[in-house]
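Results of the structural survey
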Amino acid sequence: MPGHDEEYEEFARARTPVLLRSAWLLCGDAHLAEDLVQETLAKVYVRWHAAFRSPIENPVAYAQTTLTRTFLSSRRRRSSTERPTGTLPERPVDDGTDRAATRLALLAALDGLAPKDRTVLVLRYLEDLSVEETADRMGCSPGAVRSRSLRALDRIRPLLGSSFSADTERHPS
Amino acid sequence: MNDHHPASRLLRDATDGLEHDLAVDVDRIVRGGTARGRTLRRRRRVGTALAAAAVVGVIGVAAGVGPTLLGGEARTAPEYADQPVTEPVTTPTPTAEPTEAPVTPPAGQVDALVTVSAYDVPGIVGRELGGTVSDPLTQAPYGVSDERQDKMVHFRYDGTLTTVGIERADGLASCEALVDPADQPDGQPAGRCETRDGVLLLLHDETADGVTSRSVWAWRHGYVVSLVSYDSPDGRAEPVAPAPPISEADAVRLVTSEVWFGG
């Protein structure tokens, strides 16, 4: 139909940077992140052009959900035996300007996390979803989200500075 | 929400400007995603039916009757190869014992002609099921496809969006492939496949974004006849009925009807 491709490409171009940030945190690698985003866009493309289904009500949420599920699905296929590493990263330069060091330290911290823990972290703290929304998107219970969230936060605690404590998560305002 | 959580600040600080710092070519990613999407879409449409046809060298009825009987001209916008395989194709990994009896793929043989116009479909549905139907919806994003072997029309039945399609089956994936959860973005099966009275059916009820749709596909005469009934006028939002007005039984009756075919 006229304009359908253009609408999709406009949407994809606008959302790709956001998707890429989530994908980078999930994959921990720029190339894998680009691949994940492309796979996500491909699935959105198919759904966008599906003749027998209703139009996507919320393309932004649909794309983010597709990204998350594609990541989890790919990780299930690749390995089901991932184990957290036992070492925590060094705290990066604390002047707030050395973004590259922060990124490296963050990736190092996330590297030991199970895929679902990483996903919880991204959904809750990058995409700013509630526990319930995160549970819904991941297809698990709110309790599982809370527990994974605590585990993920524990991994990055050394990077969070003195303002963070476990109580911040246990008793969110 | 977590806007002021230290973890949110950390993740946002770390990813802010990421695409710029990594010198990511957004256009390249979009082009790649679009190309993959087209391939994925095409693969789903062609899928296993065409592969099976190629392996056993099936020549559809269309090849025998030729283009004259089927109308002479080519499809206007083929998404897939719509010509039947005219030469047997050797499978790359042949079995030791060739199959002696011809194997008929379940969806490959065209043995009837579609004799209705897409523009007549709403009237036929109204006559068969008794509901109130609108004229075909012709404005974007709907539109009508009225090719000889590829019909699609959207209209309203009792005030809700309804879509009817008739497509060559050898341009679609098999029922099993279409519902395969591994191919769905949400990881859930896209319906179920059943055989009733010798007819393969795909049945799928889905609720998304508050709108429920009921899809029934039937593999008949080498075509897939499909009907989707929604509970809302545009299939997007604001349901006007507690459920899609066309029941599964009525949808099955309609898509398995001979009313679409002749010859």
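The preceding data block contains the structure.
Below, the structure is looked at part by part. On a predicted model such as this, the values are computed, not experimentally measured, just so you know.

**Quick word on the pairing of strand S4 (residues 160-168) of chain B**
Residue and element names in this part refer to chain B. Summarising burial for S4: nine of the nine residues are buried, a large majority. Residue alternation in S4 divides its side chains into two sets, Thr160, Thr162, Val164, Ile166 and Arg168 and Leu161, Thr163, Gly165 and Glu167, and both sets are buried. Across eight bridges, the pairing between strand S3 (residues 150-157) and S4 is antiparallel. Bridge pairing in S4 links Val153 to Val164. Here S3 folds back onto S4, and the loop between the two strands holds two residues, one of which, Asp158, carries a positive phi near 50°. Where S4 lies against strand S8 (residues 223-230), seven bridges are found, and the strand directions are antiparallel. Residue Ile166 lies in a different strand from S8, and its bridge partner there is Val225.

**A closer look at helix H7 (residues 142-160) of chain A**
A turn of α-helix holds 3.6 residues, and therefore any two residues three or four places apart point the same way. Bending of H7(A) peaks at approximately 40° at the position of A:Asp154, with proline A:Pro158 no more than four residues after it. Every buried residue of H7(A) is listed here: A:Val145, A:Arg148, A:Ser149, A:Ala152, A:Leu153, A:Arg155, A:Ile156, A:Leu159 and A:Leu160.

**Comments concerning the packing of helix H6 (residues 131-138) of chain A against H7(A)**
Residue and element names in this part refer to chain A. Put simply, H6 and H7 touch, their axes get as near as 8 Å, and they point 105° apart. What the angle tells us is that H6 and H7 run roughly perpendicular. Facing H6, whose interface residues are Val131, Glu132, Thr134 and Ala135, H7 presents Pro142, Val145 and Arg146. Of the residues assigned to the contact of H6 with H7, the class counts are four nonpolar, one polar and two charged.

**Let's talk about unusual backbone geometry**
Residue and element names in this part refer to chain B. If you check the backbone angles, Ala23 has positive phi at about 55° while not being a glycine. Relative to the assigned elements, Ala23 resides in the loop between helix H2 (18-21) and helix H3 (26-56). You can call Ala23 exposed: its relative accessible area is 66%. Unlike most non-glycine residues, His221 shows phi in positive territory, near 55°. Inspection of the secondary structure assignment puts His221 in the loop between strand S7 (211-220) and S8.

**Observations regarding the pattern of salt bridges**
Applying the stated criterion across every chain, the model contains 19 salt bridges over all chains. Linking A:Arg13 and B:Asp27 is a salt bridge whose minimum nitrogen-to-oxygen distance equals 2.7 Å. Pair noted here: A:Arg13 is in helix H1 (residues 4-27) and B:Asp27 is in helix H3, and the two residues belong to different chains. Among the residues examined, A:Arg13 registers a relative accessible area of 38% and is labelled partly exposed. On the accessibility criterion, B:Asp27 (35% relative accessible area) is partly exposed.

**Observations regarding the packing of aromatic side chains**
Tallying each qualifying case throughout the model produces five aromatic pairs over all chains. Taken together, a centroid distance of 6.2 Å and an interplanar angle of 25° make the contact between B:Trp217 and B:Trp219 stacked. Considered together, B:Trp217 and B:Trp219 belong to a single accessibility category, that of buried residues. Arranged with centres 5.7 Å apart and planes meeting at 40°, the rings of B:Tyr223 and B:Phe261 form a pair that is tilted. With B:Tyr223 in strand S8 and B:Phe261 in strand S9 (residues 261-262), this residue pair connects regions lying 38 residues apart in the sequence. Like B:Phe261, B:Tyr223 is buried. Grouping aromatic residues by their ring pairs yields a cluster made of A:Tyr8, A:Phe11, A:Tyr45 and A:Trp48. Over the ring of A:Tyr62 we find A:Arg47, and its NZ or CZ is 6.0 Å from the ring centre.

**A look at the sheet that holds S3(B)**
Residues and elements named next belong to chain B. Across the sheet, seven strands lie side by side as S2-S3-S4-S8-S7-S6-S5; this open sheet has antiparallel pairing. Both edges of this open sheet fall to strand S2 (145-147) and strand S5 (192-196), since each of them pairs with a single strand only. Here the average twist between neighbouring strands, direction ignored, is 20°. Sheet analysis places S5 next to strand S6 (residues 199-208), joined by five bridges and oriented antiparallel. Bridging from a neighbouring strand, Glu194 pairs with Leu201 of S6. Along the sheet, helix H7 (residues 248-255) makes contact with S5, S6, S7 and S8, crossing S7 at roughly 35°.

**Looking at the interface of chain A and chain B**
Many analyses report the size of an interface as the accessible area lost when the parts associate. Contacts between the two partners involve 55 residues from chain A and, on the opposite side, 56 residues from chain B. Both sides together, the interface formed by chain A and chain B hides about 5,200 Å², and carbon and sulfur atoms give 59% of it. The tally of links between chain A and chain B comes to five salt bridges. Salt-bridge contacts for A:Arg103 lead to B:Asp21; the nearest nitrogen and oxygen are separated by 2.9 Å. Counting the contacts that link chain A with chain B gives eleven residue pairs in polar contact (both at pLDDT 80 or more). For the side of chain A that touches chain B, the secondary-structure elements that each account for two or more residues are H1, helix H2 (30-48), helix H3 (59-78), helix H4 (99-111), helix H5 (115-126), H7 and helix H8 (166-170) of chain A. Its residues assigned to classes, the side of chain A that touches chain B comprises 28 nonpolar, ten polar and 17 charged.

Rules behind the numbers
- Residues numbered from 1 in each chain as written.
- Chains lettered and ligands numbered in written order.
- Predicted model: local features only at pLDDT ≥ 70, side-chain atom pairs only at ≥ 80, totals over all residues.
- Heavy atoms only, no water.
- Buried < 20%, exposed > 50% of the residue type's maximum accessible area, 1.4 Å probe, protein only.
- Helix = DSSP H or I, 4+ residues; strand = E, 2+ residues; numbered from the N terminus.
- Pairing = 2+ DSSP bridges.
- Bend = angle between axes of the 7 residues up to and from the residue.
- Axes fitted to C-alpha atoms, helices over the stretch in contact; angles between N-to-C directions.
- Parallel < 35°, antiparallel > 145°, perpendicular 65-115°, else oblique.
- Contact = heavy atoms within 4.5 Å.
- Nonpolar A, V, L, I, M, F, W, Y, C, P; charged D, E, K, R; others polar.
- Salt bridge = Lys/Arg side-chain N within 4 Å of Asp/Glu carboxyl O.
- Phe/Tyr/Trp six-rings, centres within 6.5 Å; stacked < 30°, edge-to-face > 60°.
- Lys NZ or Arg CZ within 6 Å of the ring centre and 35° of its normal.
- Buried area = accessible area lost by both parts, 1.4 Å probe.
- Polar contact = N/O pair within 3.5 Å; in protein donor to acceptor, adjacent residues only side chain to side chain.

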